[in-house]
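Okay, here's what each chain looks like letter by letter:
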Number of protein chains: 2
Amino acid sequence: MAEVLVVGSVAFDSVETPFGKADNVLGGAASFFSLAAGLFTPVRLVATVGADFPDDFVRHFVARGIDLGGLERRADGATFRWVGDYGYDLNIAHTIDTQLNVFADFAPQLPENYRDTKFVYLANILPSLQLDVLSQVRNPEFVGLDSMNFWIENPKTKAILSQVIERVDAVFMNDTEIRQYTGQYNLIAAGRAVLAQGPKVVLIKKGEHGAIALSPHGLFVTSAFPLDAPRDPTGAGDSFAGGFMGYLAATGDTSWAGIKRAMAYGSVVASFAVEDFSVHRLLSLSLAEVCDRYAHLSDITTLEAQILDALSS
Amino acid sequence: MAEVLVVGSVAFDSVETPFGKADNVLGGAASFFSLAAGLFTPVRLVATVGADFPDDFVRHFVARGIDLGGLERRADGATFRWVGDYGYDLNIAHTIDTQLNVFADFAPQLPENYRDTKFVYLANILPSLQLDVLSQVRNPEFVGLDSMNFWIENPKTKAILSQVIERVDAVFMNDTEIRQYTGQYNLIAAGRAVLAQGPKVVLIKKGEHGAIALSPHGLFVTSAFPLDAPRDPTGAGDSFAGGFMGYLAATGDTSWAGIKRAMAYGSVVASFAVEDFSVHRLLSLSLAEVCDRYAHLSDITTLEAQILDALSS
């Protein structure tokens, strides 16, 4: 069972959806990712927070056994804050306010004992920082990468993002991001374009519509687990990546079969994450619940065997 | 192998998408439905066309063995015409022009030998006409129903639509329609609300995002077969219904297992329909190709078996 290293944001979120509201709750890509991946395997977290970051939040990570040796707590600043809301279409987030605070000059430094981590997730940060993290890890086996529209829109950061993509194994993008990055509307065509840059697999996240994986071995499509009362989609993508990378690291199986399984685990973990605000549902989640829902998802999506013999004859 | 009866529109379509353009081609819900269902089982078509309806189009139906005893050809009028276009988001149709012509006073009369048909599909027509068709069939085994926003928006026609829904076995609606009909945004909640009105199954069509079935036996979710070059989504929903009803009638298996299989066949047939404009791809389609793609869809969506024993222990 190998460890997973994640580098990304830990934040205060204030979120409103048609199903409720939560202020100053734990957010940030690295928070969702590490609490999700931590269900499967030990996680090493590299992030920065301010003096205002409460011990209660630290305890959430500790309770999942997450290694906080790379969590910088800066006395001279405040934690990153994001304020956003969603309408009924939970696939579309509206940012109301972003205060980068200590995240503005985040310069990830990996503790020496982190540098041999074999499974690495570069959450959404400045692409040049992602490159810098890659230069700090010695010989990673499998690197996953996330990004966002902000870095794709700017030609300079997009060029660096392309360099990062050429060096990683898995690229996670949502439908909007991959269309923007490739200039291709069709998701299969867009996925192939990214794949041509070198990664082993491209994971296209479609929120409540599931996800598509493309690899040189072919395509794989997962449906999202259908929910009758999702409450807050914030962090769904990073929970998906956390389940995916956590499963890969736990099993060490990076074959195409392993990647397909990892994708389904990611999808299941994400379906729990959106059941409540912030990381609340992830905190109470157990691996047994994940396995139960995996079986349930399999049940409600597996095509019945064909019995058209009578017709064909 | 039982017959399927369909009552609905046969039309001239003029369609433009980012991938091409087709003028005055064969369209209409009953056209797509019958050419799809005809892959599986004999189809009886009830529709009306004008003097301008070309023999070439008639031959398309004949070539698939469709019974045209219920196709009224009116010398005193013109065929229904629809003009529309789509942007890159093929899930959204824009109607540019509709000329009802002979469809405006369509009053479906079932030939005597059609009245004992066991599998009946009420394509999208005025709900009062759908009720009237139901009064003409003697003892149907399985009735499917489609509708549209136009009848849902008007409280009078909506009330009659509700009466039809109470009397059918399967309700086909797309995501927008079922939200509008039930006032529920969440699709699972919306599906349950329709199910509470009496049908055995509710089929929620999500276009390129697949479909969800709800029944008292549970949920079933199918992904759409991923295409890298869809060209024209017109008729996808009716092709889905045609594959579904055709399969049910061919096998006679209306159990929940049969319905799930039918849904996957419908989804596969629809994926072919959108590969070309009008009914072109359906015309060249064979049941063997449908079965091949069914197997392919199963391949790229079936979750790998769980192997988390190592983790749990």
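Residues numbered from 1 in each chain as written. Chains lettered and ligands numbered in written order. Predicted model: local features only at pLDDT ≥ 70, side-chain atom pairs only at ≥ 80, totals over all residues. Heavy atoms only, no water.

**Side note on the overall build of chain A**
And then number 1: Counting its secondary structure elements, chain A contains twelve helices and 13 strands.
And then number 2: The C-alpha radius of gyration computed for chain A amounts to 19 Å, which stays within 12% of the reference 20 Å derived for 313 residues, consistent with globular compactness.
And then number 3: Viewed in the frame of its principal axes, chain A has a C-alpha envelope of about 80 × 40 × 40 Å.
And then number 4: Here chain A holds 313 residues, and the buried ones make up 59% of them. (Helix = DSSP H or I, 4+ residues; strand = E, 2+ residues; numbered from the N terminus. Rg over C-alpha atoms; globule rule 2.2 N^0.38 Å. Buried < 20%, exposed > 50% of the residue type's maximum accessible area, 1.4 Å probe, protein only.)

**Things to note about unusual backbone geometry**
Comment: phi is negative for the bulk of residues other than glycine, and the bulk of peptide bonds are trans.
Residues and elements named next belong to chain A.
And then number 1: Backbone geometry at Asn24 places phi at a positive 55 degrees, although glycine is not the residue there.
And then number 2: Within the secondary structure layout, Asn24 lies in strand S3 (residues 20–27).
And then number 3: Under the relative-accessibility criterion, Asn24 is labelled partly exposed at 41%.
And then number 4: Of note, the phi angle at Ser278 is positive, near 50 degrees, even though the residue is not glycine.
And then number 5: Considering the arrangement of structural elements, one finds Ser278 in the loop between helix H9 (256–273) and helix H10 (280–284).
And then number 6: Assessed through its relative accessible area of 4%, Ser278 is described here as buried.

**What to know about the relation of the copies chain A and chain B**
And then number 1: With an RMSD of 0.0 Å, chain A superimposes on chain B once it is rotated by 180 degrees and translated 0.0 Å along the axis. Such a turn and shift between the copies fits a two-fold axis.
And then number 2: An overlap of 100% is found between the interface residues of chain A and their copies at the interface of chain B, pointing to a shared contact surface. (Least-squares fit on C-alpha atoms with pLDDT ≥ 70 in both. Contact = heavy atoms within 4.5 Å.)

**Points about the packing of aromatic side chains**
And then number 1: Counting across every chain of the model gives 34 aromatic pairs over all chains.
And then number 2: Between Tyr88 of chain A and Tyr185 of chain B, the ring centres sit 5.4 Å apart and the planes meet at 40 degrees, which makes this aromatic pair tilted. With Tyr88 of chain A in the loop between strand S6 (80–86) and strand S7 (93–99) and Tyr185 of chain B in the loop between helix H6 (175–182) and helix H7 (187–195), this pair bridges two chains.
And then number 3: On the accessibility criterion, Tyr88 of chain A (48% relative accessible area) is partly exposed.
And then number 4: Three or more aromatic residues joined by ring pairs make a cluster, and in this case those are Phe33, Tyr121, Phe142, Phe172, Phe240 and Phe244 of chain A.
And then number 5: A cation sits over an aromatic face here: Arg293 of chain A above Phe272 of chain A, 3.7 Å from the ring centre.
And then number 6: Over the ring of Tyr181 of chain B we find Lys158 of chain B; its NZ or CZ atom is 5.1 Å from the centre of that ring. (Phe/Tyr/Trp six-rings, centres within 6.5 Å; stacked < 30°, edge-to-face > 60°. Lys NZ or Arg CZ within 6 Å of the ring centre and 35° of its normal.)

**Some thoughts on the packing of helix H1 (residues 29–37) of chain B against helix H8 (residues 236–251) of chain B**
Residue and element names in this part refer to chain B.
And then number 1: Relative to each other, H1 and H8 sit at 40 degrees, their axes nearing to 7 Å. For the pair H1 and H8, the sense of crossing is right-handed. Here Ala29, Phe32, Phe33, Ala36 and Ala37 of H1 lie close against H8, whose contacting residues are Asp238, Ser239, Ala241, Gly242, Gly243, Met245 and Gly246.
And then number 2: Residue composition of the contact of H1 with H8, grouped by class: seven nonpolar, four polar and one charged. (Axes fitted to C-alpha atoms, helices over the stretch in contact; angles between N-to-C directions. Left-handed = near helix turned anticlockwise from the far one by under 90°. Nonpolar A, V, L, I, M, F, W, Y, C, P; charged D, E, K, R; others polar.)

**Side note on the pattern of salt bridges**
And then number 1: Tallied over the entire structure, the rule returns 40 salt bridges over all chains.
And then number 2: Taking the shortest distance from any N to any O, the salt bridge between Glu112 of chain A and Arg138 of chain A comes out at 2.4 Å. Separated by 26 residues along the polypeptide, Glu112 of chain A in the loop between S7 and strand S8 (119–122) and Arg138 of chain A in the loop between helix H3 (127–136) and strand S9 (142–146) bring together distant segments of the chain.
And then number 3: What makes Glu112 of chain A partly exposed here is its relative accessible area of 48%.
And then number 4: Between Asp105 of chain B and Arg74 of chain B there is a salt bridge, with its nearest N and O atoms 2.9 Å apart. Of this pair, Asp105 of chain B sits in the loop between strand S7 (93–99) and strand S8 (119–122) while Arg74 of chain B sits in strand S5 (residues 67–74), and the two are 31 residues apart along the sequence.
And then number 5: For Asp105 of chain B, a relative accessible area of 48% gives the class partly exposed.
And then number 6: Shared partners join several salt bridges into a network, and the residues in it are Glu112, Arg115, Asp116 and Arg138 of chain A. (Salt bridge = Lys/Arg side-chain N within 4 Å of Asp/Glu carboxyl O.)

**Observations concerning the interface of chain A and chain B**
And then number 1: Opposite the 45 residues of chain A that make contact, chain B presents 45 residues.
And then number 2: Our count for the chain A to chain B interface comes out at six salt bridges.
And then number 3: Taking the shortest distance from any N to any O, the salt bridge between Glu304 of chain B and Lys260 of chain A comes out at 3.5 Å.
And then number 4: Counting across the interface, chain A meets chain B through 19 residue pairs in polar contact (both at pLDDT 80 or more).
And then number 5: When residues of the side of chain A that touches chain B are traced back to their parent elements, those giving at least two are helix H7 (187–195), strand S13 (218–222), helix H8 (236–251), H9 and helix H11 (287–301) of chain A.
And then number 6: The element contributing the most residues to the side of chain A that touches chain B is H11 of chain A, with nine residues.
And then number 7: When its residues are assigned to classes, the side of chain A that touches chain B shows 28 nonpolar, eight polar and nine charged. (Polar contact = N/O pair within 3.5 Å; in protein donor to acceptor, adjacent residues only side chain to side chain.)

**What to know about the environment of Ser215 of chain B**
All names here are of chain B.
And then number 1: Here Ser215 is to be found in strand S12 (residues 211–215).
And then number 2: Residue Ser215 is classed as buried on the basis of its relative accessible area, which comes to 7%.
And then number 3: Separated by 55 residues in sequence, Ser215 and Ile160 have C-alpha atoms that sit 23 Å apart.
And then number 4: Leaving out residues up to four positions away in the same chain, Ser215 has contacts with Leu195, Lys200, Val201 and Trp256.

**Describing the nonpolar core**
And then number 1: Phe244 and Val290 of chain B are the most contacted members of the largest nonpolar core, which totals 70 residues.
And then number 2: Considering each element in turn, this core owes the most residues, eleven residues, to helix H9 (residues 256–273) of chain B.
And then number 3: With residues up to four places along the chain from it excluded, the contact list for Phe244 of chain B reads Phe142, Phe172, Leu203, Ile259, Ala262, Met263 and Gly266 of chain B.
And then number 4: Counting residues in hydrophobic clusters, the runner-up holds 69 residues, among them Phe32, Phe61, Ala264 and Leu297 of chain A. (Core = buried A, V, L, I, M, F, W, Y, C linked by side-chain atoms within 4.5 Å.)

Functional significance is not addressed by these values, which are geometric in nature.
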